[in-house]
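# Structural characterization, general
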Amino acid sequence: MQHFKIVNIHTNKEINLNYTELQDFMRINRKDFFYNYTIQRIEKTNILKNIIAFLIVSFGSIALLMLGGLLDKI
């Protein structure tokens, strides 16, 4: 899910919201939102998730190679 950092230009107060919360926040503050706030998208990718995905793909590839080797012997 996407996350956003909203900063009030005048007070420098930061608010972290997800996409649906951002829509609600913009709807509530519709009149003066773009005059008082800036929006910045936050990347929440975790390096651990990338490592786990790499390991899963690696083990899957090794398993397919071993399965192919077994099927050749039959």
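Refer to the structure presented above.
Residues numbered from 1 in each chain as written. Predicted model: local features only at pLDDT ≥ 70, side-chain atom pairs only at ≥ 80, totals over all residues. Heavy atoms only, no water.

## Section: the environment of threonine 11
With respect to the element layout, threonine 11 can be found in the loop between strand E1 (3-8) and strand E2 (14-18). Its relative accessible area of 54% is what places threonine 11 among the exposed residues. (Helix = DSSP H or I, 4+ residues; strand = E, 2+ residues; numbered from the N terminus. Buried < 20%, exposed > 50% of the residue type's maximum accessible area, 1.4 Å probe, protein only.)

## Digging into the pattern of salt bridges
For the structure on display, the rule yields 2 salt bridges. With a closest N to O distance of 4.0 Å, lysine 5 and glutamate 14 form a salt bridge. Between aspartate 24 and arginine 27 there is a salt bridge, and its shortest N-O distance comes to 3.0 Å. You can see aspartate 24 and its partner arginine 27 sitting in helix H1 (residues 19-28), 3 residues apart, about one turn around the helix. (Salt bridge = Lys/Arg side-chain N within 4 Å of Asp/Glu carboxyl O.)

## Some remarks on the nonpolar core
Core analysis: the biggest nonpolar cluster contains 7 residues, these being Phe4, Ile6, Leu17, Leu22, Phe25, Phe33 and Tyr37. Broken down by secondary-structure element, the contributors of at least two residues to this core are E1 and H1. For phenylalanine 4, the contacting residues outside a window of four places in its chain are Ile15, Asn16, Leu17, Asn18, Tyr19, Leu22, Ile39, Gln40, Arg41 and Ile42. (Core = buried A, V, L, I, M, F, W, Y, C linked by side-chain atoms within 4.5 Å. Contact = heavy atoms within 4.5 Å.)

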